[in-house]
Amino acid sequence: MAAGIREKQTVALKRMLNFNVPPVKNSTGEPVWKVLIYDRFGQDIISPLLSVKELRDMGITLHLLLHSDRDAIPDVPAVYFVMPTEENIDRMCQDLRNQLYESYYLNFISAISRSKLEDIANAAIGANAVTQVAKVFDQYLNFITLEDDMFVLCNQNKELVSYRAINRPDITDTEMETIMDTIVDSLFCFFVTLGAIPIIRCSRGTAAEMVAVKLDKKLRENLRDARNSLFTGDTLGAGQFSFQRPLLVLVDRNIDLATPLHHTWTYQALVHDVLDFHLNRVNLEESAGTESTPAGARPKKKNKKSYDLTTSDKFWQKHKGSPFPEVAESVQQELESYRAQEDEVKRLKSIMGIEGEDEGAISMLSDNTAKLTSAVSSLPELLEKKRLIDLHTNVATAVLEHIKSRKLDVYFEYEEKIMSKSTLDKSLLDMISDPDAGTPEDKMRLFLIYYISSAQAPSEIDLEQYKKALMDAGCNLAPLSYIKQWKAFTKMASAPTSYGNATPKPLGLFSRVMNTGSQFVMEGVKNLVLKQQNLPVTRILDNLMEMKSNPETDDYRYFDPKMLRGSDSSVPRNKNPFQEAIVFVVGGGNYIEYQNLIDYIKGKQGKHVLYGCSELFNATQFIKQVDNFDNFYNIYYFFISVPAWPEIRLKHYYLDGNVTTENCYNIQISSYL
């Protein structure tokens, strides 16, 4: 896109920190020193976008949590950036009464209600601090941008909009409405920041449709109020969609449960899968080393180190979507390049120290003076390069340990073959029964992918064999109960999801080391080359973005908030292919889908795509959510969409495990009689 969402949100934050006035570029004057007060939501939004140095450059001397113990600084202005919750409003009113700061610039992450605004006004009057409240702004920044083309709705309280929260059997209509309103509020903030009004497409009879209906209504109401519309004037111009509006594709997590469980092979997705990685920061435990602990002594605590993987990290930006073996090789090449530059500086220093009247030496000295000056001036760049090499050496080494100890390369290759319906060179039972291959969770992930991807579920006899093997391997079978029921109902609705037919091409095993002096001992790890294949989410985007006719997407609903009257239609009014698109997954997303979309769009010149999700989880976190469905075997929750009705009604029925399509159809019809 002409300006990515990361850049737009960063500009909005910098304007907010400059007292809601656009910062003057190349200003040589000293900034106004101020204090930044945020809650956990505000902290999560700012931390992936602005470093401490950037905050300092904008005059932020202190950044403190709203609910921490804060001392009064009466001669300094304070910029607040918080959610408009009751708890936060109460604390802000307390700050006004305690006269903590010189002036108050109140910025709310999403729109504050009139009643809460009146609470602040009453507190300001009571504290005689009306003149100190300088500005009050709704910022509409209630989402977290992780990449130029990726965002998530929240990190705090994400369990409130999680896959489990949306799909749990005992949810009430009121609770579902609250979840949908939360998601819609964040998506509305996203489009206000983007400065664009989308065309919305979504599947029928899913949570995605509920989001689409509510978002369409909210956008439509805002556009109708011409005086207070957030999509007019400078804001809309900033969207830079002058020729065509973007497409918003809303999909439900339930269209594809195999991908979130899939073992992966690209750098960023692997880091998220096997390490502690969130909000672009990875936390590593340093190895204790070879020193032995004396008998009876308390074991040494492992030190934890954190690394930020940001847009300023050129290596990360270049290789985050690369297969892991390429990353390991590139780290080694960068290290060799750094050593060569370091050796050149040492050689030049040595020459500069030459003594004597030898004419050759003097000539060499004069020739190399300029080179040494250049080398010295590039030292900061060289030190930064060394820091990044050390960072990625540590991160890649930690990933490699997981790959080797759990045989993740074998799992990835095997799962790719299952999902592409290729011939397996080893039986699934053998994989599950192999004590040296992976953790119990790895084995459960593998079997669930097999179960989801199979056109026909295994017979009861075979299933019992698999269950016994899984239990012998130490697996928790609770997730299987859920997936079994999910598959039964998905089969009634549509055919099994297709994952393409491309499989990774093995180039044999790595040699013991990639080359002399390599940091990475890759012995026994498969060197797999990825082949591009579109995952279900990418395939849906391709159909809708290119206006292709396909049974998978022909029935997708169409919403245009700019139309005076909404209609329940699947027929797009715009017949031209879209240039810009946003894919949003209701129920949670992952880096595998994100990378697949990025790889897809690389082959579409002039087109851009953004990926968003209600929460970002790895396979471990997703299995925990699925594991928490209690008594799901006898109760199932599903959505019913009735075209003639203005809203979607959520229904739940007590069913046994052997429901047929006909029985389910009769239940649905009878519920409306």
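My aim in this report is to walk through the structure given alongside it, one point at a time. Bear in mind that the values here come from a model prediction, so they are computed numbers and not experimental data.

**Some details on the pairing of strand S6 (residues 144-147)**
On a regular strand, one side chain projects to one face of the sheet and the next to the other, so that they alternate.
Part 1: Note: S6 against strand S7 (residues 150-152), three bridges, orientation antiparallel. Across the sheet, the residue bridging to Glu147 is Met150, located in S7.
Part 2: Taking the residues that link successive antiparallel strands as the turn, the S6-S7 hairpin has two residues.

**Remarks on the sheet that holds strand S12 (residues 304-308)**
Part 1: Ordered by their spatial adjacency, three strands build an open sheet running S10-S11-S12, and the pairing between neighbours is antiparallel. The sheet is open, and its two edges are formed by strand S10 (276-278) and S12, each paired on a single side. Pairwise comparison of adjacent strand axes, ignoring direction, gives a mean angle of 20° for this sheet.
Part 2: Pairing of S10 with strand S11 (residues 281-285), which is carried by three bridges, proceeds in the antiparallel orientation. Its bridge partner lying in S11, Asp276 is registered against Asn283.

**Looking at helix H18 (residues 460-472)**
Part 1: Under the 1.5 Å per step criterion, the end-to-end length of H18 is 18 Å for 13 residues, consistent within 8% with the ideal 18 Å.
Part 2: Looking at H18, one finds that the buried residues are Leu463, Tyr466, Ala469 and Leu470. The buried side chains of H18 occupy one side of the element, clustering within an arc of 125° when seen end-on. Opposite its buried face, H18 presents the exposed residues Ile461, Lys468, Met471 and Asp472, each directed more than 90 degrees away.
Part 3: A positive backbone phi angle near 90° is found at Gly474, which sits one or two residues after H18.

**Describing the side chain of Lys607**
Part 1: Here Lys607 lies in the loop between helix H21 (591-602) and strand S17 (608-613).
Part 2: Here Glu546 takes part through its side chain, which lies 2.7 Å from a polar atom of the side chain of Lys607.
Part 3: Within polar-contact distance, the side chain of Lys607 engages the backbone oxygen of Phe578 at 3.2 Å.
Part 4: If we ignore the near neighbours within four places in the chain, the residues touching Lys607 are Met545, Glu546, Pro577, Phe578, Gln579 and Ile601.

**So, the side chain of Ser203**
Part 1: Structurally, Ser203 is set in the loop between strand S8 (199-202) and helix H8 (207-224).
Part 2: A polar contact of 3.1 Å, which involves the side chain of Ser203, links it to the side chain of Thr206.
Part 3: Other than its neighbours up to four places away in sequence, Ser203 contacts Ala208, Glu209, Leu250 and Tyr556.

**A word on empty space enclosed by the protein**
Part 1: The full count for this structure, using the stated rule, is four cavities of 30 Å³ or more.
Part 2: Looking at the second largest cavity, its volume works out to about 90 Å³.
Part 3: Along its surface, the second largest cavity is lined by 13 residues, and Ala269, Asp273, Ile592, Asn618 and Ala619 are the ones closest to its centre.
Part 4: Of all the secondary-structure elements, those providing two or more residues to the lining of the second largest cavity are helix H10 (267-274) and H21.
Part 5: Per-element tally for the lining of the second largest cavity: the top contributor is H10, with three residues.
Part 6: In terms of residue class, the lining of the second largest cavity is made up of six nonpolar, five polar and two charged.

Rules behind the numbers
- Residues numbered from 1 in each chain as written.
- Predicted model: local features only at pLDDT ≥ 70, side-chain atom pairs only at ≥ 80, totals over all residues.
- Heavy atoms only, no water.
- Pairing = 2+ DSSP bridges.
- Helix = DSSP H or I, 4+ residues; strand = E, 2+ residues; numbered from the N terminus.
- Axes fitted to C-alpha atoms, helices over the stretch in contact; angles between N-to-C directions.
- Expected span 1.5 Å × (residues − 1).
- Buried < 20%, exposed > 50% of the residue type's maximum accessible area, 1.4 Å probe, protein only.
- Arc of directions from axis to C-beta.
- Polar contact = N/O pair within 3.5 Å; in protein donor to acceptor, adjacent residues only side chain to side chain.
- Contact = heavy atoms within 4.5 Å.
- 1 Å grid on protein atoms, 1.4 Å probe; cavity = no way out; pocket = protein on both sides within 12 Å on 5 of 7 lines; lining within 4 Å.
- Points joined across faces, edges and corners; volume = space filled by probe spheres on them.
- Nonpolar A, V, L, I, M, F, W, Y, C, P; charged D, E, K, R; others polar.

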